[in-house]
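For reference, the chains in residue letters:
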Amino acid sequence: MVCALPSISCCTISSLTIEKRQSLQSSPKSSLGTLETQLLHKFNSVSELKIVHSLLIKSGTPLSELPLSRVASVCALTPSFLYAQRIFQQVGQPEIVTWNCCLRDFAESDTPFNAILLFHQLQRHNVCPDSFTCSFVLKACVKLMDLSHGRIIHALVVKLDLLVNLVLQNVILHLYASCGEMSDAILLFDKMSQRDIVTWNTMITQLVKKGDIDSAYKMFSEMPDRNLRSWTAMIAGFVRCRKPKKAIDIFKEMEQVGLKPNEATVVAVLSACADLGALDLGSRLHDYSNKSGFKANVLICNTLIDMYIKCGCLEAAKDVFEGMKKRTVVSWSAMIQGLALHGNADEAFGLFFRMTQAGVNPNGVTFIGLLNACSHMGLVNKGRAFFARMTNDFAITPGIEHYGCMVDLLSRAGLLHEAHEFIKEMPIKPNAAIWGALLGGCKVHKNVEMAEVATRHLHELDPHNDGYYVVLANTYSEAKKWEDAARVRKLMRERGLKKTYGCSSITVDGLVHEFVAGDESHSQSEEIFEKWKQLLVPLRLKGYVPNTSVVLLDMEEDEKEKYLFRHSEKLAVVFGLINLAPRETVRIFKNLRVCEDCHAAFKLLSEIVKREILVRDRSRFHCFKDGSCSCKDYW
Ligand code: ZN
Ligand code: ZN
């Protein structure tokens, strides 16, 4: 590119020209001096080109010495286009070859529109395009998502009978697909008499981007050959549409055919591991990354931090973070958020201080982490201070998530009226998450009136979400307002809403086992129930009393107990105690919040069985150890 080269000021040129003109006049046939030779390769404008041109003539140097691609790029978009054309004619090189180089450079530059402008120049001056011309302009169209010019070039390709060229067909396909014209892309794809791996990969990648994972997977299954790009696109696709288990299955299949993951594959699979809590595979990929020299890849390190945090391995996340030579705001924010999820508020604040000392500017995500840290530990004043600092010190406008964090912080702390006032004064319209946070606080602090206020808003904003009805019914049950609880459940039935069942998963020997509440379908069910019965003896001795108030339904106490003992997280923990190696940590992932009864039981259990039990629920981590939980019972 022209602009990449150092420019020579006009002043240098003119002074040089005067000096050299004198020497040239005395010996017109002399060859070029060092300065002129330098100029010959560094001219940056038409006027500089003209000086060089005249120097060449005067020194008798052949015109072919001129770097033609530079001549093309300097003249391409100026009225001197014709001047350049004449030079090419004199040199005797087919001019389209030179213009194509220039087009390619334009298409790959930050200003791809120049390629389209040059293409118009070529048309105006009757320069006949070839397949390279078309492919470079099409690449510029793809970059610009310029479908209208793209269609013109497509028509030209047909007119010039160039459509047999597979490279061109692939670029046109890419253009339609990336501009969202999937039906045109599919039409072209179906008509193509030959396809290569690029064709298939283009379709798969674009279908994945559109979120049409089923069609993408169908293509992937049908394609004759697959390369690493195809596999990676498919894995990333399943991660994107929140099917991490399928992503990991595909990855394992890829390994079986003997392909080694590249950096993009590693990032995609690590994200799947994070979503699924698949720590074994995640750590294996970590080792692989270190061995493959991916250690300096910031994106991989950031994904590793996220994976370790979501798998509950805070120490491993810290190791990755501390080992990074270069960190981005994403790395800092991920680590702060991780510390917050694990209830290490002080460490999160310390890291924030280090971050600002290191001159890294926090962003909105950083503050979500900080506010979460405050919220999980009930640090109301600190939270208010961060919320104010965000705007005052860092000029970050709070988004809906930040308001959500504040409502969550106030509600959890029992400041329900203040939270309600805060919502009413928000400059943006509160969404369902905001009212949901208030409702959550109402349940913890057993405030039925405020729960009704929050639910009224939730009815309007998110009528099909059953979660809120369940919380409201729960709040009524806990206040022993059975009739109201029954009314809400009836409403849910009438509206066709079903309760989302608690679901907990645990990985043993690389296999994920899922349990839903009341599950009797697992092959080890009998063993699990028996083991729980045995554990109840020391549990009761340590003071465990089943907290049947968390059971929504109005039924006999012993029925309630049976119901309670089959909560999904209990089933998963007991399954872990049976199947994991003696001192191995039991890691559970639950889709909803862990309930009070399971929380109380796990604290005692961690002491009885002398093991760490780690539960990641919808909002945070609970690490049960030696009879207490890392949340210090504030959750
Ligand atoms: Zn429970
Ligand atoms: Zn806890």
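See the structure above.
Here the structure is a predicted model, which means the values were calculated and not measured. (Residues numbered from 1 in each chain as written. Chains lettered and ligands numbered in written order. Predicted model: local features only at pLDDT ≥ 70, side-chain atom pairs only at ≥ 80, totals over all residues. Heavy atoms only, no water.)

1. What to know about the overall build of the protein
Now for step 1: Along the backbone of the protein there are 33 helices and six strands.
Now for step 2: Its C-alpha atoms give the protein principal-axis dimensions of roughly 110 × 55 × 50 Å.
Now for step 3: Here the protein, with 635 residues, has 51% of them falling under the buried criterion.
Now for step 4: Counted over contacts in the protein with a minimum sequence separation of 6, partners at least 24 positions apart contribute 64%.
Now for step 5: Accessible surface, the protein: about 30,300 Å² in total, of which carbon and sulfur atoms supply 54%.
Now for step 6: Across the protein, the centroid of the 75 positively charged side chains sits 4 Å from that of the 69 negatively charged ones. (Helix = DSSP H or I, 4+ residues; strand = E, 2+ residues; numbered from the N terminus. Buried < 20%, exposed > 50% of the residue type's maximum accessible area, 1.4 Å probe, protein only. Contact = heavy atoms within 4.5 Å. Areas by Shrake-Rupley, 256 points an atom, 1.4 Å probe, with all protein chains shown as cover. Lys, Arg positive; Asp, Glu negative; His and termini not counted. Charge placed at Lys NZ, Arg CZ, Asp CG, Glu CD.)

2. Points about the pattern of salt bridges
Now for step 1: A complete count under the given rule lists 23 salt bridges for this structure.
Now for step 2: Here Arg 389 and Asp 393 are joined by a salt bridge, their closest N and O atoms 2.9 Å apart.
Now for step 3: For Asp 393, a relative accessible area of 47% puts it in the partly exposed group.
Now for step 4: Taken together, the shared-partner salt bridges connect Arg 151, Glu 181 and Asp 184 into one network. (Salt bridge = Lys/Arg side-chain N within 4 Å of Asp/Glu carboxyl O.)

3. A word on the sheet that holds strand E1 (residues 503-508)
Now for step 1: Strands sit in the order E2-E1-E3-E4-E5-E6 across an open sheet of six strands; the sheet is mixed. In the strand order of this sheet, the two ends are held by strand E2 (511-516) and strand E6 (628-629), each with one partner.
Now for step 2: Taken together, the six bridges between E1 and E2 define a ladder with antiparallel strand orientation. Bridging across to E2, Val 508 finds its partner in Leu 511. (Pairing = 2+ DSSP bridges.)

4. A short note on the coordination of the zinc ion (ligand 1)
Now for step 1: Around the zinc ion (ligand 1), the protein contributes the donor atoms His 567 (ND1), Cys 595 (SG) and Cys 598 (SG), at 2.0 to 2.2 Å from the metal centre.
Now for step 2: Mapping the donors of the zinc ion (ligand 1) onto the primary sequence yields the spacing H-x27-C-x2-C. Remark: Cys 595 occurs in the loop between strand E3 (586-590) and helix H33 (596-608) and His 567 occurs in the loop between helix H31 (557-565) and helix H32 (568-579); sequence separation between them is 28 residues.
Now for step 3: Owing to a relative accessible area of 14%, His 567 belongs among the buried residues under this scheme.
Now for step 4: Residue class for Cys 595 comes out buried when judged on its relative accessible area of 11%. (Donors = N, O, S within 2.8 Å, 3.2 Å for Na, K, Ca; no water.)

5. What about the coordination of the zinc ion (ligand 2)?
Now for step 1: Of the protein atoms, only His 599 (NE2), His 622 (ND1), Cys 629 (SG) and Cys 631 (SG) coordinate the zinc ion (ligand 2), at distances of 2.0 to 2.3 Å.
Now for step 2: Each of the four donor atoms around the zinc ion (ligand 2) contributes to a set of angles spanning 103 to 117 degrees, which defines the coordination as tetrahedral.
Now for step 3: Along the chain, the residues donating to the zinc ion (ligand 2) are arranged with the sequence spacing H-x22-H-x6-C-x1-C. (Tetrahedral: all angles 85-135°; square planar, octahedral: opposite > 155°, others 65-115°.)

6. A word on the layout of surface pockets
Now for step 1: When its volume is computed, the second largest pocket comes out at roughly 480 Å³.
Now for step 2: With seven residues, helix H12 (residues 197-209) is the largest single contributor of residues to the lining of the second largest pocket.
Now for step 3: Across the lining of the second largest pocket, the residue classes break down as eight nonpolar, seven polar and seven charged. (1 Å grid on protein atoms, 1.4 Å probe; cavity = no way out; pocket = protein on both sides within 12 Å on 5 of 7 lines; lining within 4 Å. Points joined across faces, edges and corners; volume = space filled by probe spheres on them. Nonpolar A, V, L, I, M, F, W, Y, C, P; charged D, E, K, R; others polar.)

Honestly, it's all geometry; don't read function into it.
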